[in-house]
Amino acid sequence: MKKKQSRRMDRRSFLSGTFSSIAAAAVPLYLPGSILGKDGAVSPSNQINLAGIGINHRGSYVLGYFLEQADVRFRAICDVRRDRREAVKQRADELYGTTETAMYRDFRELLERTDIDAVLIATGDHWHATASIYASNAGKDVYSEKPCALTIDQCRILAETMNRNKTVFQGGTQRRNVENCRLACELARSGKLGKIHTVHASIYYLYYRTDWYEAEPVPDREEIDWDLWLGPSPWRPYNKRYVMGDWRGHYDFDSGARHLDWGAHTVDLCQFALGKDGTTPVQFWSEGNRMYATYADGVQLVMRPDGWLGLGTCPVRFEGEDGWVEVGDSGRMVVSPDALRPAMTKILRKDAGNNLSFGECPRGHVRNFLDCIKTRQLPACNQNVIRSSHIACHASALSWILQRPLTFDPAREEFVGDDQANRMRARAMRAPWHI
């Protein structure tokens, strides 16, 4: 299958060839301004055709930021729930004043369309990596909600697939494109806090469960396709609670004892602040609901659910020899000593324009993805960034689940001297799904 980039170039070549032929024939022709990209319209050659896979609560929120972009046209929705398919179609059709938004139950049918450039994947966690890999192999660029992979092994396969296919991939850990979070990270990276010795990442209280809800009658597959909802996960009896969102915390569908619900964001920011993309800590251990890790250079990572300053959800804190900074989703920031305040203003980017985002708003993250589709550059939270930050989360979660310290080799992406932990780097996939 040809890569999408080639298809987009073909489309541009077609339009360019059309205009060249017109000029050569010297035949007067009047074209609507929208085709030429006038009056704020986006020409077809620069339009990104988007589809959605599994769009519900979080996905609906992120989709809103895609729909507000002038160069995006939402073409199709795929969901195993008919009510969600119809709700997203209605939203898009009302926006565009048409009835053209297509609906699919099986995402593989959607991926066969040659006019789709990119997909927004916001399914349950157990589908993220598999759907992303199928989309990449079909020539689509991918924006995937986090956690982008359910295991350490999936993180590796996901990154290798995106790199091999030259897919533009953006993980939904948007805080690298949120201004106050970037500022806190840049304070740490700039050396203004002195040598960093400890970074703190907020997490949920950890838990997981392996029990099943009671069996209920399986609905018609056009209403809810239970087999497709399960996908690569182990079979279990249908219960509506799973499909309506109560799958979180269930080991078969969730990742890392719920650690990655926030840790995918906050550990990622710690990695960014330390300049540790491409590597992970080497030692992991836990004490109660707190997890700890150390990098090869001795910097300590503390992952904790409490003890924060009240700056909003997903706070992080970076501590150096000369000061510290803490930031969260409120958009506020606390630094010490006060002498660091001028440095905050100086570092703040002045070129963000209308894409300036504070709190947890993904607007800038969405725009970064769309711009990279056009330039073919790596987005802020590309597959290689996600690979290392997610693996750091998975390794720490396994230490908590196994209730013992673990030593990790970042180069080989395996645990040292622990066969059980190494087996838990991967999970079996239910046929016919494979990556």
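Everything discussed here concerns the structure shown above.
In this report, the structure presented in the accompanying data block is examined. (Residues numbered from 1 in each chain as written. Predicted model: local features only at pLDDT ≥ 70, side-chain atom pairs only at ≥ 80, totals over all residues. Heavy atoms only, no water.)

A look at the side chain of D254
Convention followed: Numbering of helices and strands starts at the N terminus; helices are DSSP runs of H or I of at least 4 residues and strands are runs of E of at least 2. Burial classification: accessible surface area is computed with a 1.4 Å probe over protein chains only, and a residue below 20% of its type maximum counts as buried, one above 50% as exposed, and the rest as partly exposed. Each polar contact in these results corresponds to two N or O atoms within 3.5 Å; when the atoms are within protein, one needs to be able to donate a hydrogen and the other to accept it, and residues that are neighboring in sequence are counted only if both atoms are side-chain atoms. Contacts are residue-level and defined by heavy atoms, with any inter-residue pair within 4.5 Å sufficient.
Its location among the elements puts D254 in the loop between α10 (240-243) and α11 (259-274). For D254, a relative accessible area of 3% gives the class buried. Separated by 2.5 Å, the side chain of D254 and the backbone nitrogen of G249 make a polar contact. Aside from chain neighbours lying at most four places away, what touches D254 is D125, L150, W247, R248, G249, D261 and R427.

What to know about helix α6 (residues 128-137)
Structurally, the α-helix is built with 3.6 residues per turn, so residues lying three or four positions apart point the same way. Counting buried positions along α6 yields 8 of 10 residues, so the element is predominantly enclosed. H128, A129, T130, A131, S132, I133, A135 and S136 are the residues of α6 that are buried. Buried residues in α6 make contact with α5 (107-111), β4 (118-121), β5 (141-144), α7 (152-165) and β6 (169-171). Positive backbone phi, approximately 90°, marks G139, located one or two places after α6.

Let's talk about helix α14 (residues 383-402)
Stated precisely, the cut-off is as follows: To estimate how far a helix should extend, the number of its residues minus one is multiplied by 1.5 Å.
For α14, built from 20 residues, the straight-helix expectation of 28 Å at 1.5 Å per residue is met to within 8% by its first-to-last C-alpha distance of 28 Å. By the criterion of burial, α14 is predominantly enclosed, with 19 of the 20 residues buried. With its phi angle positive at about 55°, Q403 sits one or two positions after the end of α14.

Observations concerning the packing of helix α8 (residues 179-189) against α11
Selection rule: The axes are straight lines fitted to the C-alpha atoms, using for helices just the contacting stretch, and the angles between their N-to-C directions are given from 0 to 180°. Working rule for handedness: look at the near helix, and if it is turned counterclockwise from the far one by less than a right angle, call the crossing left-handed; if clockwise, right-handed. When residues are grouped by polarity, Ala, Val, Leu, Ile, Met, Phe, Trp, Tyr, Cys and Pro land in nonpolar, Asp, Glu, Lys and Arg in charged, and all others, Gly among them, in polar.
Two numbers describe how α8 lies on α11: the axes approach to 7 Å, and their chain directions differ by 40°. Crossing angle aside, the handedness with which α8 passes α11 is right-handed. Here α8 contributes C181, C185, A188 and R189 to the contact with α11, which in turn contributes L269, F272 and A273. For the contact of α8 with α11, the class distribution of residues is 6 nonpolar, no polar and 1 charged.

Concerning the packing of aromatic side chains
By convention here, two paired aromatic rings are described through the distance between centres and the angle between planes. Put simply, the test is: Note on aromatic pairs: the rings of Phe, Tyr and Trp (six-membered ring only in Trp) are paired at centre separations within 6.5 Å, and the planes decide the class, stacked below 30 degrees, edge-to-face beyond 60, tilted for the rest.
Under the criterion given, the structure shown has 23 aromatic pairs. Geometrically, the ring pair formed by F107 and W433 is stacked, given 5.9 Å between the ring centres and 20° between the ring planes. On the criterion of sequence distance, the pair formed by F107 in helix α5 and W433 in the segment after α15 (419-423) is long-range, its members being 326 residues apart. F107 gets classed as buried once you look at its relative accessible area, which sits at 5%. Among the residues examined, W433 registers a relative accessible area of 6% and is labelled buried.

Regarding the sheet that holds strand β10 (residues 300-304)
Within a sheet, adjacent strands bond to each other through the backbone by hydrogen bonds, running parallel or antiparallel. Let me state the cut-off plainly: Two strands are counted as paired when DSSP detects at least two bridges linking them.
A sheet is described by the order of its strands in space; here 9 strands give the open sequence β13-β12-β11-β7-β10-β9-β8-β14-β15, paired in mixed fashion. Because the sheet does not close on itself, it has two edges, and the strands there are β13 (333-336) and β15 (414-415). Relative to strand β11 (residues 316-320), strand β7 (residues 196-202) is paired through 5 bridges, and the arrangement is antiparallel. By the bridge assignment, V199 is partnered in β11 with F318. Against the sheet, α14 makes contact with β8 (283-287), β9 (290-294), β10, β14 (406-409) and β15, and its axis sits at roughly 50° relative to β8, the strand it touches most.

Examining the environment of R427
Along the chain, the position of R427 falls in the segment after α15. On a C-alpha basis, the gap between R427 and T151 in space is 7.2 Å, while along the polypeptide they are 276 residues apart. In contact with R427, not counting residues within four places along its chain, are L150, T151, Y251, D252, D254, S255 and G256.

Notes on the nonpolar core
Applicable threshold: In this text, buried Ala, Val, Leu, Ile, Met, Phe, Trp, Tyr and Cys residues form a nonpolar core when linked through side-chain atoms within 4.5 Å.
Counting residues in each nonpolar core, the largest one holds 54 residues, and the members touching the most others are L301, M303, F318, V325, M333 and F415. When neighbours within four sequence positions are excluded, F415 is seen to be in contact with I152, A395, L398, L406, T407, F408, A421, N422 and R425. Core analysis: the next-biggest nonpolar cluster, separate from the first, contains 38 residues, V80, I116, L158 and F253 among them.

Some details on the sheet that holds strand β2 (residues 72-78)
Here 6 strands make up an open sheet; going across it, the order is β3-β2-β1-β4-β5-β6 and the pairing parallel. Looking at strand neighbours, the two that pair on one side only are β3 (102-104) and β6, the edges of this open sheet. Along the sheet, successive strands turn relative to each other by an average axial angle of 20°, direction set aside. Against the sheet, helix α4 (residues 82-96) engages β2 and β3, with an angle of about 160° to β2.

Concerning the environment of E287
Summarising the element assignment, E287 is placed in strand β8. Sequence spacing of E287 and W400 is 113 residues, and the spatial spacing of their C-alpha atoms is 8.2 Å.

A word on the pattern of salt bridges
It is possible for side chains bearing opposite charge to pair when their charged atoms get close. Heads up, the rule is: The rule for a salt bridge is simple: a side-chain nitrogen of Lys or Arg has to be within 4 Å of a carboxyl oxygen of Asp or Glu.
By the definition in use, this model includes 38 salt bridges. Between D93 and K89 there is a salt bridge whose closest N-O contact spans 2.8 Å. Taken together, the residues D93 and K89, both in helix α4 and 4 residues apart, mark about one turn of the helix. Look at D93 and you get buried, because its relative accessible area is 9%. For K89, a relative accessible area of 17% puts it in the buried group. One salt bridge connects D418 with R404, and the closest N-O pair in it is separated by 2.8 Å. Of the two residues, D418 is situated in the loop between β15 and α15 and R404 in the loop between α14 and β14; the sequence distance between them amounts to 14 residues. Since its relative accessible area comes to 29%, R404 is described here as partly exposed. Residues joined by salt bridges that share partners form a network here, namely R85, R105, R221, E222 and D225.

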